[in-house]
Amino acid sequence: MDEQNPMSGPDQWESDLSRRYPAARTEAAADHSEADHSERAFRNHEAEARPSVKAFYRLNHQYQTVDFVRRKRDEFLSLDRQRMGIWEAMEFLNTLVDDSDPDTELSQIEHLLQAAEAIRADGHPRWFILTGLIHDLGKILCLFGEPQWAVVGDTFPVGCAFSSSIVYHDFFRLNSDWDHPVYSTQSGIYEPQAGLDHVMMSWGHDEYLYHVTKTYLPPEAQYMIRYHSFYPGHRENAYQHLFSDQDRRLFQWVRKFNPYDLYSKSDARPDVESLKPFYRELIDEFFPPELAW
Ligand SMILES: [Fe+2]
């Protein structure tokens, strides 16, 4: 841990997400009013995150500026760092160990398999299962030396006003774009309804993996990967003025994916060796033996 990396690991942000967005109502409770649900969600939203996570949000909101995102896109989206296959990337990501308690924490591969297995158990198509398996592989940015605040965290558009629905919105006062004459306006550098493909999101593991994998996956999967951390968009319905009709249509899939991301983690260890043949075959069905990272 250091000043740039206040959390024990990137997964601490995800634990904070499941605190902020507690599991959906059970079937039995589903008849109760929406009002109860939103009230409860609101309470959790306002509750304090643990200090390490709060420090992380502060860094993220302070440093994710238009200039920073442009620099990182130039640095990483040429995809000339490394060539490796999907399973190889999973094994690489597995070398990322949480400082808090490495003996009891599940490994990154185990987390990826939990998400994929939960999707598979619900009978979803093969590309959906595969998306669950790979969606967090962009976290290898941590292994390339990037700080936590530039890898994980809720994502949001830069170059326009920061939505007040973003967690710890007040920290954006520290961001040098905060009182920029253009970036501080509602649509900023974008045309209204421009479509998210024309919008620069804060930099992190979603955008990076989207560029690595996009040519091999259907559009629904591309959206799930690219926007799975865009909680202001898919959970808070913010930034609707930038969405195109296509975005609105495909965000149904981002929302369908979200519960598997948030709630599939459990202490039950998946049996990696016995699952491996199924997943290697699934990977080979969509991806070439090597991709550019
Ligand atoms: Fe993620």
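Above this text is the structure in question.
Caption draft 1: Highlighting the overall build of the protein. If you tally the helices and strands in the protein, you get 12 helices and 2 strands. For the protein, the sequential pattern of α-helices and β-strands runs α-α-α-α-β-α-α-α-α-α-α-α-α-β. At 19 Å, the protein has a C-alpha radius of gyration in line with the 19 Å of a compact globule built from 293 residues. In terms of principal-axis extent, the alpha carbons of the protein reach across some 55 × 50 × 40 Å. Expressed as a percentage of the 293 residues in the protein, the buried residues total 38%. Taking contacts inside the protein between residues at least 6 apart in sequence as the whole, the part at least 24 apart equals 79%.

Caption draft 2: Structural detail: helix α4 (residues 66-76). Buried within α4 are the following residues: V66, V69 and F76. Buried residues along α4 cover an arc of 115° about the axis, so they all sit on one side. Pointing more than 90 degrees away from the buried face of α4 are the exposed residues D67, R71, D74 and E75. Its buried side turned inward, α4 meets α8 (205-213).

Caption draft 3: Spatial organisation of helix α11 (residues 245-263). In this model α11 runs 29 Å from its N-terminal to its C-terminal C-alpha over 19 residues, within 8% of the 27 Å that 1.5 Å per residue would give. At F257, α11 shows its maximal bend, which comes to roughly 30°, and the proline P259 appears one to four places after that position. Among the residues making up α11, those that are buried are D247, W253, V254, F257, N258, Y260, D261 and L262. On the buried face of α11, the contacting elements are α1 (11-20), α6 (108-121), α7 (126-134), α9 (219-227) and α10 (231-234).

Caption draft 4: Structural detail: unusual backbone geometry. Even without being glycine, Q193 reaches a positive phi, approximately 60°. Inspection of the secondary structure puts Q193 in the loop between α7 and α8. The phi torsion at Y239 lies on the positive side, around 65°, for a residue other than glycine. Within the secondary structure, Y239 sits in the loop between α10 and α11.

Caption draft 5: Spatial organisation of the packing of α9 against α11. Where α9 contacts α11, the two axes come as close as 8 Å, and the packing angle between them is 60°. The orientation of α9 relative to α11 falls into the category oblique. Crossing geometry of α9 relative to α11 is assigned as right-handed. Contacts from P219, E220, Y223, M224 and Y227 in α9 reach L250, F251, W253, V254 and F257 in α11.

Caption draft 6: Representation of the environment of A161 in the model. Mapped onto the elements of the fold, A161 is located in the loop between α7 and α8. Taking the C-alpha atoms as reference points, A161 and P125, 36 residues apart in sequence, are found 38 Å from one another. With residues near it in sequence (within four places) discarded, A161 still touches S184, T185, Q186 and G188.

Caption draft 7: Representation of the nonpolar core in the model. Among the nonpolar cores identified, the biggest contains 66 residues, and F56, A89, A116, L133, L137 and M224 are the most heavily contacted of them. Not counting residues up to four positions away in its chain, the partners in contact with F56 are P6, M7, W13, Q148, W149 and G153.

Caption draft 8: Main features of the packing of α1 against helix α3 (residues 51-63). Two elements in contact, α1 and α3, have axes separated by 10 Å at closest approach and are oriented at 105°. When the axis of α1 is compared with that of α3, the two are roughly perpendicular. For the pair α1 and α3, contact is made by Q12, W13 and D16 and by S52, V53 and F56, respectively. Taken together, the residues of the contact of α1 with α3 sort by class into 3 nonpolar, 2 polar and 1 charged.

Caption draft 9: Spatial organisation of the environment of L174. Tracing the sequence through the fold places L174 in the loop between α7 and α8. Along the backbone, L174 and H211 are 37 residues apart, and their C-alpha atoms lie at a distance of 29 Å.

Caption draft 10: Layout of the environment of L112. The residue L112 is located in helix α6 in this model. According to the C-beta neighbour criterion, L112 is buried, with 25 such atoms within 10 Å.

How each quantity is defined
- Residues numbered from 1 in each chain as written.
- Predicted model: local features only at pLDDT ≥ 70, side-chain atom pairs only at ≥ 80, totals over all residues.
- Helix = DSSP H or I, 4+ residues; strand = E, 2+ residues; numbered from the N terminus.
- Rg over C-alpha atoms; globule rule 2.2 N^0.38 Å.
- Buried ≥ 20, exposed ≤ 12 C-beta atoms within 10 Å, placed from the backbone.
- Contact = placed C-beta atoms within 7 Å.
- Arc of directions from axis to C-beta.
- Expected span 1.5 Å × (residues − 1).
- Bend = angle between axes of the 7 residues up to and from the residue.
- Axes fitted to C-alpha atoms, helices over the stretch in contact; angles between N-to-C directions.
- Parallel < 35°, antiparallel > 145°, perpendicular 65-115°, else oblique.
- Left-handed = near helix turned anticlockwise from the far one by under 90°.
- Core = buried A, V, L, I, M, F, W, Y, C linked by C-beta atoms within 7 Å.
- Nonpolar A, V, L, I, M, F, W, Y, C, P; charged D, E, K, R; others polar.

In short, geometric facts, not functional conclusions.
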